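These are the residues of each chain, in order.
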Amino acid sequence: METSPPATRISDLAAARPDFFRGLNPEQEAAVRATQGPVLVLAGAGTGKTRVLTTRIAHILAQGLARPWEILCVTFTNKAAREMRERTVALVGAAAEGLSNLGTFHSIAAQILRRNAELVGLKSSFTILDDDDQTRLIKAILEAENVDTKKWTPKSFAWHIDQWKNKGLTPDRVKNDEGAAFAGGRGVKFYQMYQDRLRILNACDFGDLLLHNLELLTKHPDVLERYHQRFRYVLVDEYQDTNVAQYLWLRLLTNADRNLCCVGDDDQSIYGWRGAEVDNILKFERDYPGAKVIRLERNYRSTQHILAAASGLIKANAARLGKTLFTEQAGGDMVRVQGLWDGAAEAQFVAEDIERQKKAGRKWSDMAILVRASFQMRAFEERFVMLQIPYTVVGGPRFFERAEIRDALAYLRLIQSEDDDLAFERIINVPKRGIGDATVQKLLQSARLAGVSVMTAVRDLIETDELPGRAKTPLIGFLRDYDRWREQAKQVAADELIDRVLTDTGYYDMQRADKTSGQTRIDNLKELGDSMQAFDNLEAFLEHVSLVMDLERDNGASSVRLMTLHAAKGLEFPVVYLPGWEEGIFPSQRSIDENGLRALEEERRLAYVGLTRARQEARISFVANRQVYGRWTSQIPSRFVDELPMENVEAASQTGYQSSGGWQSQESRWDRAGYEPNYTKRATDNDLSGVDMSRLRPKSAPHRPSAPPKPSAKNFKLGERVFHIKFGYGIITEMEGNKLVVNFETSGDKKVIDSFVERA
DNA sequence: TCCGAGCCACTTTTT
DNA sequence: GTGGCTCGGA
C-alpha cells in the first residue's frame, strides 16, 4: 500500500527525538542498532522485547534507511500489532502511521493476496472463511461422499487440513500421514475436493492466505521481485511461534540484503500443537549464516526468587538455546507451593488469599489465576460468585463467534456479494421462513449443476414450476427484501443497514420471543452496530471482521483475571496463582499421550510462561483429590513441582494434603517438607481406605481410584486384556516402550500409556 | 417444526 | 457433571 509521505519529515526525527536509546541496556541497544543483516534476538520473558522492536523501527526510520511502508513487521495477534503501532507512534509520531506493512501474518498475507489474486486463480474480492464456515463446508463434502460424519467428524478433518496448511502442503504434496488415512484413506482426495470448492466459492480459509502466498511468490518471480524491492527491512515478533508456512513465507520475502530481525524466546514456545515449530528459532543461525544472535537476559519484571524458580524449572528441557534471566530486584517473596485436599479447598484457598491481598491494598486486577485448561475455571468462578469477588474470564468464546453475530454478518456478506453461498445457506431460513432443508438442498444442487451462485439459481428457479408453492412464496418475498437492502446499502451506513435488515426479517422479534437470552443477543447485535460505525463502508468492515476476530471491549471495573496459561502469554501481574499442578492435568496427560517428550517439554515451557507472568508473588497449588468429568480421582503433585529449585520455594504449612507417596521411584520431597498430615493412615497408590472419601463421593458412582503413573514398565504382552479407567476393558494390539495401542471394547483403538491401564 | 431423551466427548486457540 | 448434538415422536 503506497502511502503519501508522512507529516513529520523523517530527516527531522533524529533531531526531534534524539533520545531513542535512553534507558536501553547495552544488549537492547545492540539489537536496535544492528539494522543490517540477519539478527536473532533471544528475548527472555520480561526483557523488553517489544521495546526493542519498536525502537528498532524508529531507528531505521530516523536513520533514513527506509520509508515507513518499506518495513515489513509481522506479529501473530492483532493485539500485538496494535500495541506495536501505538508504541512506535509514541516514539516517532506521525511517521509511524505510514507503517502500512505492520500487521499480523494473516492480514499482510491477505493484503498481498488481494492484490495478486488472479495469479492464483481467485478474484480479488475473495471472502475469508472462518472456522464455522470451514466446518460446514467440510461437513457438506463429507456427507456428499457418504462418509459417516460421526466417526469421521468434520472438525477433525478441518484440523488435519489446518495442519497440512501450517506445513505449507498443498493436496498434491500430502504424504501418507494420519490425516491422509482419514475415512479409509480418502483424506487427500477430500482435501483436494475442499480446495476445489473454495476456489469455486472464491473463498480462502485462514491457512490459504499463507498457502496461496507461497504459491504466488514461488511461481511469479516478478511479483516476488516487487516485494523484495518494497520490503527492505523485515521484523518478526514471537518467532518461536512461526509454523512452516510462515517460515517459508519469511524466507521468500527476505531479499538479498537479508535485513531480517526475528525476536522470540524458545522457552516460551507453547503453540506446537497448532503447528508452531520451535525448530525455526533453534536453527536460525544455520538458515541465515553469519546471523548475529543477541540475548536479552536482564529481566525487568519479576523478583529474584520467581525468576530463579522459573529458570530452574526450564533447565529440565533439552531442546533449548539456553539463556539465564537475571534481575537486579534481589530478594522478594519465595514462590509458594500449597497442597490441598480437593478442588473446592483449592478454590477457597485462592479466593481467601485474594481477599487478603485486597485488604492489604492490592487492586483486584493485580491478581490473576492461570489454569491449564478452562474446565478448571469453574471451581474458582463458583467461589468468586459466592464471595462476591469481581472477576473476568479472559479469552473464552469470542464475540464474533456468537450465533447471532454470525447471522447478522451472513446477511451483510450476502448483501455485499451475491456469490456468497455459505452466507446464503446460513440465513435463508433464519428467522424461519418455511424454507426447509429439502428446498435448500434443491437450490444448492441446481446452482451446482448450472455453475452459478445460489442466489442466481433462486432467481431462475422461481420463474419455473420446479419448486412447490409453499417454498416459492417465501423465496419471492426474500428476494424482494434482498433487492431492497442492496439498494439501501448504497445509501445508508452499514450500522443503519444491519438494523433495518434485522427489523425487516423479524430477527429482533425472534430474539425478543426468547425470554432467556434474547435480550443479551439483541444487546450484542447493538454492539455490533456500534463497532461498525468506525468503518467507511461495508467492505472495509467485513474485511476487518474476518481478519480481526476480536473486539476491543474494555472491562471497565477492576477485577481478578481468570484465564488459561496460553491466554496469559505476554501479560504480567503482581500476583499470580497457578492451581492444578498435578500429574495428568499439568502436564496434561493427553498432550503427553499424543506427543510424548516433545509435548512434555512444551508443557514445561507453559509452566515457565506461567511463573514468569508474576512480578512479585507466585503461588502454586495442587490437590490430592479432584473430580474430573464427574469422577473422583486421586491426584499426585506435578513433576514440575519437584523440579522447582528448593531454595526459591516455600511450602506453605497448614495443608490438608496427605501425599499418596512414592509417585516417582524416588520419594517426592513434598512427602516430607512441611506438611501436616490430617489423616492418620497413609493413602497408598491403590488403597485409599485410610481416607474418608465418602463425604465427597456421590454414593451412586462407584469410586475407582486412578492408578498413578509409574515409570517402571508393567511388562504387558501383546494380546493381553487390560482395564483403563476411562475406556474400560480392551486388548493390547501394539506396544512401543510404555506406549500401548489398545482395542477397547466400547471405544475402539486408543493410544494409551501403560501406567494408565491395569491387567484385567 | 419443536422439544425432550439419549448419547457422546471432554486441552490449549489466533487468524 | 455438563453441554452440545442428533434423532424420533407429538
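What counts and what doesn't
Residues numbered from 1 in each chain as written. Chains lettered and ligands numbered in written order. Predicted model: local features only at pLDDT ≥ 70, side-chain atom pairs only at ≥ 80, totals over all residues. Heavy atoms only, no water. Salt bridge = Lys/Arg side-chain N within 4 Å of Asp/Glu carboxyl O. Helix = DSSP H or I, 4+ residues; strand = E, 2+ residues; numbered from the N terminus. Buried < 20%, exposed > 50% of the residue type's maximum accessible area, 1.4 Å probe, protein only. Phe/Tyr/Trp six-rings, centres within 6.5 Å; stacked < 30°, edge-to-face > 60°. Lys NZ or Arg CZ within 6 Å of the ring centre and 35° of its normal. Axes fitted to C-alpha atoms, helices over the stretch in contact; angles between N-to-C directions. Parallel < 35°, antiparallel > 145°, perpendicular 65-115°, else oblique. Contact = heavy atoms within 4.5 Å. Nonpolar A, V, L, I, M, F, W, Y, C, P; charged D, E, K, R; others polar. Near = heavy atom within 4 Å. Polar contact = N/O pair within 3.5 Å; in protein donor to acceptor, adjacent residues only side chain to side chain. Expected span 1.5 Å × (residues − 1). Core = buried A, V, L, I, M, F, W, Y, C linked by side-chain atoms within 4.5 Å.

## Some details on the pattern of salt bridges
If the charged atoms of two oppositely charged side chains come close together, the side chains can form a pair.
Part 1 of the reasoning: Scanning the entire structure with this criterion turns up 53 salt bridges.
Part 2 of the reasoning: Residue Asp241 pairs with Lys569 through a salt bridge whose shortest N-O separation is 2.5 Å. Separated by 328 residues along the polypeptide, Asp241 in the loop between β6 (233-236) and α12 (244-253) and Lys569 in the loop between α27 (565-568) and β13 (573-578) bring together distant segments of the chain.
Part 3 of the reasoning: With a relative accessible area of 14%, Lys569 lands in the buried category.

## Side note on the packing of aromatic side chains
Part 1 of the reasoning: For the structure shown, the criterion picks out 22 aromatic pairs.
Part 2 of the reasoning: What links up through ring pairs into an aromatic cluster is the set Trp152, Phe157, Trp164, Phe182, Phe190 and Tyr191.
Part 3 of the reasoning: Lying over the aromatic face of Tyr271, Arg274 brings its terminal NZ or CZ to 3.6 Å of the ring centre.
Part 4 of the reasoning: Cation over ring: Arg274 sits above Trp273, and NZ or CZ is 5.8 Å from the ring centre.

## Things to note about the packing of helix α20 (residues 437-450) against helix α21 (residues 454-461)
Part 1 of the reasoning: With their axes 8 Å apart at the nearest point, α20 and α21 run at an angle of 105° to one another. Our classification of the angle between α20 and α21 gives roughly perpendicular. Here α20 contributes Leu443, Leu444, Ser446 and Ala447 to the contact with α21, which in turn contributes Val454, Ala457, Val458 and Leu461.
Part 2 of the reasoning: Grouping the constituent residues of the contact of α20 with α21 by class yields seven nonpolar, one polar and no charged.

## Overview of the protein's contact with DNA strand C
Part 1 of the reasoning: Inspection of the region around DNA strand C gives Lys139, Arg378, Gln627, Tyr629 and Gly630 as its neighbouring residues.
Part 2 of the reasoning: Lys139 places a side-chain nitrogen or oxygen 3.5 Å from a phosphate oxygen of DNA strand C.
Part 3 of the reasoning: Grouping the constituent residues of the surface near DNA strand C by class yields one nonpolar, two polar and two charged.

## Examining helix α16 (residues 343-359)
Part 1 of the reasoning: Its 17 residues place the ends of α16 24 Å apart at the C-alpha level, agreeing with the 24 Å of an ideal helix rising 1.5 Å per residue.
Part 2 of the reasoning: Of all the residues in α16, the buried ones are Gly343, Glu346, Ala347, Phe349, Val350, Ala351, Asp353, Ile354 and Gln357.
Part 3 of the reasoning: The elements touched by buried residues of α16 are β9 (335-342), β10 (367-371), α17 (377-387), β12 (560-564), β13 and β14 (614-628).
Part 4 of the reasoning: Sitting at the head of α16, Asp342 places a side-chain oxygen 3.2 Å from the backbone nitrogen of Ala344.

## Concerning the protein's contact with DNA strand B
Part 1 of the reasoning: Around DNA strand B, 24 residues are found, and the nearest of them are Ser374, Arg398, Thr564, Arg590 and Ser591.
Part 2 of the reasoning: Backbone atoms, meaning sugar and phosphate, form 62% of the atoms of DNA strand B found within 4 Å of the protein.
Part 3 of the reasoning: Between DNA strand B and Leu547, the relevant distance is 3.3 Å, taken from a sugar or linking oxygen to a main-chain nitrogen or oxygen of the residue.
Part 4 of the reasoning: For DNA strand B, a phosphate oxygen lies 2.4 Å from a polar atom in the side chain of Thr564.
Part 5 of the reasoning: The element that contributes the greatest number of residues to the surface near DNA strand B is helix α28 (residues 589-611), accounting for four residues.

## Let's talk about unusual backbone geometry
Part 1 of the reasoning: For the peptide bond that leads from Val430 to Pro431, omega is -5°, which places it in the cis range.
Part 2 of the reasoning: Along the chain, Pro431 falls in the loop between α19 (421-427) and α20.
Part 3 of the reasoning: Cis geometry marks the peptide bond from Phe586 to Pro587; its omega dihedral reads 5°.
Part 4 of the reasoning: Checked against the element boundaries, Pro587 lands in the loop between β13 and α28.

## Some words on the nonpolar core
Part 1 of the reasoning: Leu409, Leu412, Phe424, Phe478 and Leu528 are the most contacted members of the largest nonpolar core, which has 46 residues in total.
Part 2 of the reasoning: Non-local contacts of Phe424, meaning those with residues more than four positions away in its chain, are made with Leu414, Leu443, Val454, Met455, Val458 and Phe478.
Part 3 of the reasoning: In this structure, Leu214, Tyr239, Trp249 and Cys262 belong to the second largest nonpolar core, which totals 42 residues.

## Considerations on the environment of Lys165
Part 1 of the reasoning: Looking at the element boundaries, Lys165 is found in helix α7 (residues 154-166).
Part 2 of the reasoning: Judged by its relative accessible area of 1%, Lys165 is buried.
Part 3 of the reasoning: The residues touching Lys165, leaving out its near neighbours within four places in the chain, are Tyr191, Tyr194, Gln195, Leu198, Asp205, Gly207, Asp208, Leu211 and Ala245.

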